[in-house]
Amino acid sequence: MNKIFTDITNYIFVKDEPRKVDAIFLPGGSHPEQPEYAAELFKKDIAPILIVSGGISVKKQMFDGVKSKADVYNKEYKTDCEFLTDVLSINGVPMSAIYGEDKSGHTRDNAFFSKRVVDENNLKIKTAIIVCKAFHARRCLMLYSLAFPDTKFYICPVVCMGITKDNWYKTEKGIDRVFGELARCGNQFLGDIKENLL
């Protein structure tokens, strides 16, 4: 692999091994692989609670639709949060362990609106796992770390859309996704960085 692609891969595709934490965070999305994996971790006693986030698609102004396994998860979902919560429940997570917010429209809001949920429920989260798409890992880590400066995050990603750290540069779809993430990792932080540094 070209060194440039290697550097981009190492930056974007963050991955940690699962370990016992205070909570698992699920940023918004419509792929069931994320909540299915989060449910697996929960059932292994990795964390006692899950914090789910996501409203409607800012582009479509509605839930974006189930992206895989639509025959299994075939309800009429109104928000990402409702979908992710349903998948967790179907996969054995009790509703008493799930906290959620359904107003966010993008990753920055996922992080900061989740912080509101944590504060409103007086939850103490010193360590947490984020279960996200593999190509979304760096941006999730950056934004959740910004919203929760006193929390140590670990990224436990899942592969969605067939895009992995080993093949993203081999298809136009993969290249577009990863370079889109690179761009958003810069432009979505500009205001916060200036506010904190200037």
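Our structure's up above, just so we're on the same page.
Residues numbered from 1 in each chain as written. Predicted model: local features only at pLDDT ≥ 70, side-chain atom pairs only at ≥ 80, totals over all residues. Heavy atoms only, no water.

A. Local environment of the overall build of the chain. Helix and strand content of the chain: seven helices and five strands. Walking the chain from its N terminus toward its C terminus, one meets helices and strands in the order α-β-α-β-α-β-α-β-α-β-α-α. By the compact-globule yardstick of 16 Å for 198 residues, the chain fits well, its C-alpha radius of gyration being 16 Å. When its C-alpha atoms are laid out on the principal axes, the chain stretches across 45 × 45 × 35 Å. When each of the 198 residues of the chain is scored for burial, the buried share is 48%. Across the chain, every contact between residues at least 6 apart in sequence was considered, and the portion connecting residues at least 24 apart equals 77%. Approximately 10,100 Å² of the chain is accessible, and the part contributed by carbon and sulfur atoms is 52%. (Helix = DSSP H or I, 4+ residues; strand = E, 2+ residues; numbered from the N terminus. Rg over C-alpha atoms; globule rule 2.2 N^0.38 Å. Buried < 20%, exposed > 50% of the residue type's maximum accessible area, 1.4 Å probe, protein only. Contact = heavy atoms within 4.5 Å. Areas by Shrake-Rupley, 256 points an atom, 1.4 Å probe, with all protein chains shown as cover.)

B. Quick look at the pattern of salt bridges. Using the criterion set out here, one finds nine salt bridges in the structure. Shared partners join several salt bridges into a network, and the residues in it are Lys60, Asp64 and Lys67. (Salt bridge = Lys/Arg side-chain N within 4 Å of Asp/Glu carboxyl O.)

C. Broad picture of unusual backbone geometry. Phi at Lys69 takes a positive value of approximately 60°, unusual for a residue other than glycine. Classification of Lys69 as partly exposed rests on a relative accessible area of 36%. Despite not being glycine, Asn122 shows a phi value in the positive range, around 50°. By relative accessible area, which is 60% here, Asn122 ends up exposed.

D. Spatial organisation of the pairing of strand β2 (residues 50-53). Residue alternation in β2 divides its side chains into two sets, Leu50 and Val52 and Ile51 and Ser53, and both sets are buried. As paired elements, strand β1 (residues 23-26) and β2 share three bridges and run parallel to each other. Bridge pairing links Leu26 to Val52 in β2. On the question of chirality, the crossover connecting β1 to the parallel β2 by way of helix α2 (residues 33-43) is right-handed. Sheet topology places β2 next to strand β3 (residues 98-101); four bridges connect them, and they run parallel. Looking at β3, one finds that Ile51 is bridged to Tyr99. (Pairing = 2+ DSSP bridges. Right-handed = clockwise from strand over helix to strand, strands pointing away.)

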